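Structural features, examined
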Amino acid sequence: MAISEGGLLTDEIRRKVWPKLLNVNANDPPPISGKNLRQMSKDYQQVLLDVRRSLRRFPPGMPEEQREGLQEELIDIILLILERNPQLHYYQGYHDIVVTFLLVVGERLATSLVEKLSTHHLRDFMDPTMDNTKHILNYLMPIIDQVNPELHDFMQSAEVGTIFALSWLITWFGHVLSDFRHVVRLYDFFLACHPLMPIYFAAVIVLYREQEVLDCDCDMASVHHLLSQIPQDLPYETLISRAGDLFVQFPPSELAREAAAQQQAERTAASTFKDFELASAQQRPDTVLRQRFRGLLRPDDRTKDVLTKPRTNRFVKLAVMGLTVALGAAALAVVKSALEWAPKFQLQLFP
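- Naming follows an unreviewed UniProt entry, where the protein chain appears as TBC1 domain family member 20 of Saimiri boliviensis boliviensis.
- Quoted straight from UniProt, the Subcellular location (unreviewed entry) entry for the protein chain says "Membrane".

1. Notes on the overall build of the protein chain
- Across its full length, the protein chain holds 21 helices and zero strands.
- When burial is assessed residue by residue, the protein chain has 55% of its 351 residues classed as buried.
- Within the protein chain, contacts between residues at least 6 apart in sequence are counted, and of these 81% link residues at least 24 apart.
- Surface exposure of the protein chain reaches about 16,100 Å², of which carbon and sulfur atoms provide 53%.

2. A word on the confidence of the model for the protein chain
- Predicted confidence across the protein chain gives a mean pLDDT of 79, with 72% of residues reaching 70 or more.
- Contacts for the low-pLDDT stretch residues 258-267, under 50 throughout, to residues beyond four places or in other chains number 29 contacts.
- Per-residue pLDDT stays below 50 along residues 308-351; that stretch engages in 95 contacts with residues further than four places along the chain or on separate chains.

3. Considerations on the packing of helix α11 (residues 180-191) against helix α12 (residues 197-208)
- Across the interface, α11 lies against α12 with an axial gap of 9 Å and an inter-helix angle of 130°. With respect to α12, the axis of α11 lies oblique. Of the residues in α12, those touching α11 at L186, F189 and F190 are M197, P198 and F201.
- Of the residues assigned to the contact of α11 with α12, the class counts are six nonpolar, no polar and no charged.

4. Structural notes on helix α9 (residues 149-158)
- Of the residues making up α9, those classed as buried are P149, L151, H152, F154, M155 and A158.
- Once α9 ends, the next one or two residues include E159, with phi positive near 55°.

5. Structural notes on the state of the cysteines
- Scanning the model with the defined rule gives zero disulfides in all.
- Here C216 stays free of any disulfide, with the sulfur of C218 as its closest cysteine sulfur at 9.3 Å.
- On the accessibility criterion, C216 (19% relative accessible area) is buried.

6. Remarks on the side chain of S112
- In this fold, S112 is placed in helix α6 (residues 107-118).
- Looking at S112, the relative accessible area reads 10%, which means it is buried.
- Contact partners of S112, with chain neighbours within four places excluded, come to V24, D28 and P30.

7. Considering the pattern of salt bridges
- Scanning the entire structure with this criterion turns up 12 salt bridges.
- Across the pair R38 and E72 runs a salt bridge whose closest N-O atoms are separated by 2.7 Å. Of the two residues, R38 sits in helix α2 (residues 37-40) while E72 sits in helix α4 (residues 64-84), which places them 34 residues apart along the sequence.
- Residue E72 is classed as partly exposed on the basis of its relative accessible area, which comes to 37%.

8. Section: the packing of aromatic side chains
- Across all of its chains, the model carries 15 aromatic pairs by this definition.
- Judged by centre distance (5.3 Å) and plane angle (65°), the rings of W172 and F190 are edge-to-face. Taken together, the residues span a long stretch of sequence, with W172 in the loop between α10 (166-170) and α11 and F190 in helix α11 at a distance of 18 residues.
- One aromatic cluster is present, formed by W18, F101, F164, W168, W172, F173, Y187, F189, F190 and F201 through successive ring pairs.

Criteria and thresholds
Note that residues are indexed from 1 along each chain, following the sequence as it is written. In view of the model being predicted, local features appear only for residues whose pLDDT reaches at least 70, and side-chain atom pairs are presented and counted only at 80 or more, with totals across whole chains, interfaces and linings using the full set of residues. Where side-chain values are given, they derive from all heavy atoms of the structure, hydrogens and water being excluded. UniProt positions are given in the numbering used here, feature names are shortened, and annotations may be inferred rather than shown by experiment. In this text, helices come from DSSP runs of H or I with a minimum length of four residues, and strands from runs of E with a minimum of two, each type numbered from the N-terminal end. Relative accessibility decides the category of a residue: with a 1.4 Å probe and only protein chains considered, values under 20% of the type maximum give buried, values over 50% give exposed, and everything between is partly exposed. Note on contacts: a residue pair qualifies if any of its non-hydrogen atoms lie within 4.5 Å across the two residues. Values of accessible area rely on a 1.4 Å probe in the Shrake-Rupley scheme; residue burial ignores everything except the protein chains shown. What pLDDT expresses is the predictor's confidence in each residue, scored from 0 to 100. Where helices are involved, their axes are fitted lines through C-alpha atoms of the stretch in contact, as for all axes, and angles between N-to-C directions lie from 0 to 180°. Any angle between 65 and 115 degrees counts as roughly perpendicular, while under 35 counts as roughly parallel, over 145 as roughly antiparallel, and the rest as oblique. Nonpolar residues are Ala, Val, Leu, Ile, Met, Phe, Trp, Tyr, Cys and Pro. Charged residues are Asp, Glu, Lys and Arg, and all others, Gly as well, are polar. Only a pair of cysteine sulfur atoms within 2.5 Å counts as a disulfide in this structure description. In the sections that follow, a salt bridge refers to a side-chain nitrogen of Lys or Arg positioned within 4 Å of a carboxyl oxygen of Asp or Glu. Stacked, tilted and edge-to-face pairs are distinguished by plane angle, under 30 degrees for stacked and over 60 for edge-to-face with tilted covering the rest, among Phe, Tyr and Trp rings (Trp via its six-membered ring) whose centres lie within 6.5 Å.

This is how it looks when you write it as structure tokens:
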């Protein structure tokens, strides 16, 4: 349901399903800390500033007293998770994810869900440095290159980089989308999928805006300005479906293969995903994605790449994929996890 058109439809359903997608017992509330976390936490002042700036994340027309109460709960959730998991480091944008869970499931359950999410899907963003976050952003251009080499080459020539997508990735688009319905629809999708799915969704947004990008002046400022402003009327269901299809066509293991010689990292979202998946053995969203993608193909097209444009210069691909060496540890962790869970489906995809 979370992957299919429309997602989980209502918050009432989400309150029942999100815990199952994260393998969290909804009837087992997190322990309450007896410490005064606001006095003890080194992150309190930054969290307070970010939460005070989060007014637009609350529904329009919400009474001020109710909103202020939720903001206090938002601070408490964040500080409690950080206190219980000292290996996690707060980053600006984290509150945008937490507030989404707070508004949908309430304080108690939001604490449990976000804590699980923080030690799995969001783990890379909560390192002391942004190295692993940069690694994940570096998947964006190889995905675009696989589908549309012309667009990729234009963006490379403009030297726009990938920083325009940073807030998309680390907030799961919560910071940049104004309609809460679209935010929770994306959360349905991301919670049911691999931790790298948000970067695939970022790629399909750029691909969808191909003509706008190509019509830009080919310079960093122009392209960055265009891409950093996400249209609010995107065809979300179409883009969600396409992101799933691209994940099947170009799994992380393919995109990261050139990075397999880099040193191993054990504390990334991708490396912990195998354990997370084993704990949720009855949930196989990857099977749904593969079945749906296979259903898109005509029998005579099943060995063809129907979602990509013809490549004009294979050396461009090789050069760009060589850059994935810079993906380092995060990429290798993805290779490890993806190669472990993908092979059982290969015969289904390529009979």
